[in-house]
Amino acid sequence: MSDRPVVTRIAPSPTGSMHIGTARTALFNWLYAKHTGGKFLLRIEDTDRERSTDAAVQVIFDGLDWLGLKPDAEPVFQFARADRHRAVVEEMLARGGAYRCYMTPDELEIEREAARAEGRVIRSPWRDRGAGNYDEGQPYVVRLKSPLEGETVIADQVKGQVTFQNKTLDDLILLRSDGSPTYNLAVVVDDHDMGITHVIRGDDHLNNAARQTLIYQAMDWEVPVWAHLPLIHGPDGTKLSKRHGAQAVSEFDDMGYLPEAMRNYLAKLGWGHGDDEIFSDAQAISWFDVKDVVGAPARLDWDKLNHLNNHYIRQAEPARLAKLVVGVHKSRDFPLHDGDDVIIERTVPLVRDGAKTMLELADATVFALKRRPLELPEKAKGLLTDETRGRLLRLRAHLDGQATWEVPTLEAALRGFAEAEGVGMGKFGPALRGVLSGGSPAPDLAGALVSLGKPESLGRLDDALSQPA
Ligand code: GLU
């Protein structure tokens, strides 16, 4: 290995969604690049023209953006580089590392049958046939002249040493008969041209690593360091699928997970630092080494993700959370009014401790956003006896006299009021709660009062007390 500066990449194919496995691959590439002071690049493998719509490409940009994994350069688009891929094949032909194969579909079928019967890979008679031994204009593919003997060893950073017998690798096609470059060729040329030093990707590409190594060798290019990551499995240990719930990055966003929680969580899927459950980006960057990734599949664990998300919700700036909560309400067509963002921002710190997701946090703000007069639940109505009404009226006056409207002073005011009345909080607390919340989940009384603010709190009391018993 040379000491080239580290350059990593992710190379997703646009499919219309960004899989959580791709997100984890992106994160590991990003962490490794940051850890080594290198660069993290993005290549869009958009050679499937039907699937690679602008919208599908945008999903990848949005996914990375949301995850906070910013590539260090403009993205490279693979399809646009087809001329360069063809030029490399020309060079390989000139070097004798590739050859034109004019086998017809029928001949290929016969060879395939023979190869199967003899338990070997297919071989083209054109490999050793000189040029000119064909009809001008006959279609051909270009194949790599792979070594027939020996072995190709992938010294994988995660999987260890993986050995492929060269006799099991056929002469792979580099250019199809229509002149289009094949997948493995395009990947190698692009990775080479982008200066990629470390290919960190899913282990479904491990077999490709052997073939790609042969292409590098045919061009005398430096082979990158390989690191093939195990799949992410569902909680039950089987391959992640729809029945395990979310698989796409956007779904985790929609379910109310914060990107920093996802980064922390994804980092723990196959990698870790001792028993540390919660760590910052800076810590992950300083600790991460792709060599420490474990080779066994990682299991998705919703409880852990929820725990982390709750942690990050409790840490986040209320203004930021408020914006996200507004987004959740809008996505649910919940009617919002001018000034609700202020109420939400004030409410968020008072209700977030129990919230596992932004959806739960949004639910917890609903009580504060209700419009007067509130519809009181039957239970609250039942609590409003004449005695309690009289007490709440006196409480209203007591609250109105409060100079500051903060949790500690309001807690003290409520306690002082109960003492002065010679009753426990249980005598008026539940009724007050119903009046303030309209029966929706709400924080404790002082918290609810602060969320609502003084005018709204007193207004809700007035509404309830002016309703006939
Ligand atoms: N385009 C490939 C995929 O989406 C990734 C290829 C690679 O990372 O080398 O799985």
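Residues numbered from 1 in each chain as written. Predicted model: local features only at pLDDT ≥ 70, side-chain atom pairs only at ≥ 80, totals over all residues. Heavy atoms only, no water.

> Any chance you could explain the pairing of strand 2 (residues 39–44) here in plain terms?
The two faces of the sheet receive side chains in turn, since in a regular strand these alternate between them. For strand 2, the tally of buried residues reaches five of six residues, placing the bulk of the element in the interior. Sheet topology places strand 1 (residues 7–10) next to strand 2; four bridges connect them, and they run parallel. Within the sheet, the bridge partner assigned to Val7 lies in strand 2 and is Lys39. In this region the chain leaves strand 1, passes through helix 1 (residues 20–36) and returns to the parallel neighbour strand 2; the handedness of that crossover is right-handed. Sheet analysis places strand 2 next to strand 3 (residues 76–77), joined by two bridges and oriented parallel. (Buried < 20%, exposed > 50% of the residue type's maximum accessible area, 1.4 Å probe, protein only. Helix = DSSP H or I, 4+ residues; strand = E, 2+ residues; numbered from the N terminus. Pairing = 2+ DSSP bridges. Right-handed = clockwise from strand over helix to strand, strands pointing away.)

> Mind showing me how you'd approach the pairing of strand 9 (residues 198–202) here?
With respect to burial, strand 9 is a largely interior element, five of its five residues being buried. Strand direction decides the pairing type here: strand 9 and strand 10 (residues 225–229), joined by five bridges, are parallel. By the bridge assignment, Val199 is partnered in strand 10 with Trp226. Read from strand 9 through helix 6 (residues 206–219) to strand 10, the crossover connection turns out right-handed.

> Would you take a moment to explain the pattern of salt bridges for this structure?
Taken as a whole, this structure holds 38 salt bridges when the rule is applied. Among the ionic pairs, Arg127 bridges to Asp171, the shortest N-O distance being 3.0 Å. Taken together, the positions of Arg127 in the loop between helix 4 (105–118) and strand 5 (141–144) and Asp171 in the loop between strand 7 (160–165) and strand 8 (173–175) put the pair 44 residues apart, joining distant regions of the chain. By relative accessible area, Arg127 is classed as buried at 13%. You can call Asp171 buried: its relative accessible area is 3%. A salt bridge links Glu277 to Lys268; the nearest nitrogen and oxygen atoms lie 3.9 Å apart. Relative accessible area serves as the criterion here: at 22%, Lys268 is assigned to the partly exposed category. A single salt-bridge network, built from bridges that share partners, covers Arg9, Arg43, Glu45, Arg81, Arg84, Asp190, Asp191 and Asp193. (Salt bridge = Lys/Arg side-chain N within 4 Å of Asp/Glu carboxyl O.)

> Can you walk me through the layout of surface pockets in this structure?
Any empty space left between atoms is shown by rolling a water-sized probe over those atoms. In this model, the largest pocket occupies a volume close to 810 Å³. His19, Gly21, Thr22, Asp204 and His205 are the residues nearest the centre of the largest pocket, which is lined by 30 residues in total. Going through the elements one at a time, strand 1, helix 1, helix 5 (183–193) and strand 9 are the ones with two or more residues in the lining of the largest pocket. Per element, the largest residue contribution to the lining of the largest pocket is four residues, and it comes from helix 1. The residue makeup of the lining of the largest pocket, split by class, is 13 nonpolar, nine polar and eight charged. (1 Å grid on protein atoms, 1.4 Å probe; cavity = no way out; pocket = protein on both sides within 12 Å on 5 of 7 lines; lining within 4 Å. Points joined across faces, edges and corners; volume = space filled by probe spheres on them. Nonpolar A, V, L, I, M, F, W, Y, C, P; charged D, E, K, R; others polar.)

> Just checking my understanding: could you explain the packing of aromatic side chains for this structure?
Remark: the centre distance and the inter-plane angle together describe each pair of aromatic rings, the angle taken between the planes. What the rule picks out here adds up to eleven aromatic pairs. Between Phe252 and Trp302, the ring centres sit 5.5 Å apart and the planes meet at 10 degrees, which makes this aromatic pair stacked. One end of the pair, Phe252, is in helix 7 (residues 249–254); the other, Trp302, is in helix 10 (residues 302–315), with 50 residues separating them in the sequence. Overall, the relative accessible area of 0% leaves Phe252 in the buried class. Put simply, the rings of Phe28, Trp271, Phe279, Trp287 and Phe288 touch in pairs and so form one group of aromatic residues. Arg49 extends its terminal NZ or CZ atom over the ring of Phe79, reaching a point 3.9 Å from the ring centre. Above the face of the Trp126 ring, Arg129 is positioned so that its terminal group lies 4.3 Å from the ring centre. (Phe/Tyr/Trp six-rings, centres within 6.5 Å; stacked < 30°, edge-to-face > 60°. Lys NZ or Arg CZ within 6 Å of the ring centre and 35° of its normal.)

> What exactly am I supposed to notice about the site of the ligand here?
Around the ligand, the neighbouring residues are Arg9, Ala11, Pro12, Ser13, Glu45, Tyr183, Val187, Arg201 and His205. At 3.0 Å from a nitrogen atom of the ligand is found a side-chain nitrogen or oxygen belonging to Ser13. Burial of the ligand by the surrounding chains reaches 80%, relative to a free accessible area of 300 Å². Of all the cavities here, the one that holds the ligand is the largest pocket. Its residues assigned to classes, the shell around the ligand comprises four nonpolar, two polar and three charged. (Near = heavy atom within 4 Å. Polar contact = N/O pair within 3.5 Å; in protein donor to acceptor, adjacent residues only side chain to side chain. Areas by Shrake-Rupley, 256 points an atom, 1.4 Å probe, with all protein chains shown as cover. Sits in = over half its atoms within 2 Å of the grid points.)

> Explanation requested: the environment of Leu324 in the structure shown.
Along the chain, Leu324 falls in helix 11 (residues 318–331). Under the relative-accessibility criterion, Leu324 is labelled partly exposed at 34%. The spatial distance from the C-alpha of Leu324 to the C-alpha of Gly256 is 8.8 Å, given a sequence separation of 68 residues. Here Leu324 is in contact with Leu258 and Met358, once residues within four sequence places are set aside. (Contact = heavy atoms within 4.5 Å.)

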